[in-house]
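One-letter residues, chain by chain:
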Amino acid sequence: MQYTRALVRNPAPSFALGLTQSTEGRPDLNTALLQHRRYCEALVECGLQLTQLPCDPAFPDGTFVEDTALLFPGFTVLTRPGAASRQGETASTLAALRSFFDRIDTIEAPGTVDGGDICVAENHVFVGISARTNEAGAAQLTQILRAHGYSVSPIDIRSSKTLLHLKSGLTYLGEGLMILSTDAPKSDAIAGFEILELAQAENYAANCLSVNGPVLIADGYPGLAAALHKRGRRTLALDMSEFRKMDGGLTCLSLRF
Ligand code: CIR
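A quick note: this is a predicted structure, and the numbers were derived from the prediction, not measured.

*Asks:* How would you explain the sheet that holds strand β7 (residues 124-129) if you had to name every residue and give the values?
*Replies:* The mixed open sheet is built from three strands, whose spatial order is β6-β7-β8. Looking at the sheet topology across the chains shown, the edges are occupied by β6 (118-121) and β8 (151-156). With direction set aside, neighbouring strand axes in the sheet form an average angle of 20°. Pairing between β6 and β7: four bridges, direction antiparallel. Note that in β7 the partner of Val 120 across the bridge is Val 125. The sheet contacts of helix α3 (residues 135-147) involve β6, β7 and β8, and relative to β7 the element is tilted by about 170°.

Here it is, written out as C-alpha cells:
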C-alpha cells in the first residue's frame, strides 16, 4: 500500500510518566525528542507529508498515536483505548482526521480497541484480543471492517506475559511477509504468509514498518536487517531506545494513510 501522509505527535514533557512494564529505566525526554525527530525525518524520506498533532502533558502516552485510530483507504475508525489514562487522546486525533476523512466510525463503550492490536495484511485484518483490546471492541471493529469488504481473524494474546499488543510481536511488511517474535502466538490464521521468525534476542524488532518500500526497523537487530536485505528489502534503522522503555515501537509513533 502506498502512503502519502502520516499523523505524528511529539513526546510530551510528561513522557516518562506514561504506562510501561519495561524494566529498562526511565526514558530521557531530550533523547526521545531527538529520536522522534529522526523518525519523522525517515517518514519524510519515504515520501510522507506529516501532520503534527498537538502535544498535551495530560497524556504522557500521547506520542503513541497509532493506538487512537485505524486508517483505511476511504474510511477511518476512531478507537477507544483500553487504558483509561489514554482515552482522552482520541479527541485531538479526531479533530485532525476530520480534515482528511468524510467517514469516521467509532468504537463505543464497553468496547475498547488499541491500534497496536490491529495488523492489516492487504484485505485481511488480524485483531489482537489483549489487555487493551477487549472482545466487545473486537466485535464492533469486525463488523465495521466486514462492511467495508475486509476479512478479519481474531488472535488472542492474553496468555502472553510479554506482548502488550499484537503488533508488539507480529507485523506485516507487504509482499506476503510476516515478521514474528518468538512470543507471538502461532495462529492458524497466518498460515498462508511467509513467516520470518526472529531469534529471541531480537523479539523487540518484530515491530517494524514498511513505508512505500523501505522498512523502518529498530537499530541494533542485525538478524532482522540481514534477513530483510536477503529478500531485497531496503532498511532504515532508527534508534528506539527511549520508546522501548515505554513499551513503544516503530508502528506506534504514527498513523499512516
Ligand atoms: C502504553 O502502554 O499504552 C504505551 N506506554 C505504549 C503504547 C505502545 N503502542 C503501540 O504499541 N501501538
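Continuing now.
*Asks:* Before we move on, can you summarise the sheet that holds strand β13 (residues 215-218) with the specific residues and values?
*Replies:* Within the open sheet, the three strands sit side by side as β12-β13-β14. Their pairing is mixed. The sheet terminates laterally at β12 (209-210) and β14 (235-238), the two strands that pair on one side only. The pairing of β13 with β14 spans four bridges and is classified as parallel. If you follow Ile 217 over to β14, its bridge partner there is Ala 237. Running at roughly 165° to β14, helix α1 (residues 29-45) makes contact with β12, β13 and β14 of the sheet. Against the sheet, helix α4 (residues 222-230) touches β13 and β14, its axis set at about 160° to β13.

*Asks:* So, the nonpolar core: which residues are in play, and what are the values?
*Replies:* Formed by 40 residues in total, the largest nonpolar core has its most connected members in Tyr 39, Leu 43, Ile 179, Val 211, Leu 216, Leu 224 and Leu 228. Among the elements of the structure, β1 (5-8), α1, β10 (177-180), β13, α4 and β14 are those that each provide at least two residues to this core. The contacts of Leu 224, once residues within four sequence positions are left out, are Ile 179, Leu 198, Glu 202, Ala 205, Cys 208 and Ile 217. Counting 16 residues, the second-largest nonpolar core is a separate cluster that includes Val 77, Val 113, Leu 141 and Ile 144.

*Asks:* Can you explain the site of the ligand? Please cite residues and give values.
*Replies:* Taken together, 14 residues lie near the ligand, and Leu 19, Asp 61, Arg 132, Met 246 and Cys 252 sit nearest. One of the side-chain nitrogen or oxygen atoms of Glu 66 is found 2.9 Å away from a nitrogen atom of the ligand. His 165 places a polar side-chain atom, nitrogen or oxygen, 3.0 Å from an oxygen atom of the ligand. Burial of the ligand by the protein amounts to 98% of the accessible area it has alone, namely 350 Å². Counted by class, the shell around the ligand contains five nonpolar, three polar and six charged residues.

*Asks:* Now, about the pattern of salt bridges: what can you tell me, with residues and values included?
*Replies:* If you walk through the whole model with that rule in mind, you get 15 salt bridges. The salt bridge partner of Arg 86 is Asp 67, with a shortest N-O separation of 2.7 Å. Of this pair, Arg 86 sits in the loop between β4 (75-78) and α2 (90-97) while Asp 67 sits in the loop between β2 (49-52) and β3 (69-72); the two residues are 19 residues apart in sequence, bridging distant segments of the chain. We note that Arg 86, like Asp 67, is buried. Between Arg 158 and Asp 156 there is a salt bridge whose closest N-O contact spans 2.7 Å. Each member of the salt-bridge network shares a partner with another, and the members are Arg 38, Glu 41 and Glu 45.

Definitions and limits used
Residues numbered from 1 in each chain as written. Predicted model: local features only at pLDDT ≥ 70, side-chain atom pairs only at ≥ 80, totals over all residues. Heavy atoms only, no water. Pairing = 2+ DSSP bridges. Helix = DSSP H or I, 4+ residues; strand = E, 2+ residues; numbered from the N terminus. Axes fitted to C-alpha atoms, helices over the stretch in contact; angles between N-to-C directions. Contact = heavy atoms within 4.5 Å. Core = buried A, V, L, I, M, F, W, Y, C linked by side-chain atoms within 4.5 Å. Buried < 20%, exposed > 50% of the residue type's maximum accessible area, 1.4 Å probe, protein only. Near = heavy atom within 4 Å. Polar contact = N/O pair within 3.5 Å; in protein donor to acceptor, adjacent residues only side chain to side chain. Areas by Shrake-Rupley, 256 points an atom, 1.4 Å probe, with all protein chains shown as cover. Nonpolar A, V, L, I, M, F, W, Y, C, P; charged D, E, K, R; others polar. Salt bridge = Lys/Arg side-chain N within 4 Å of Asp/Glu carboxyl O.

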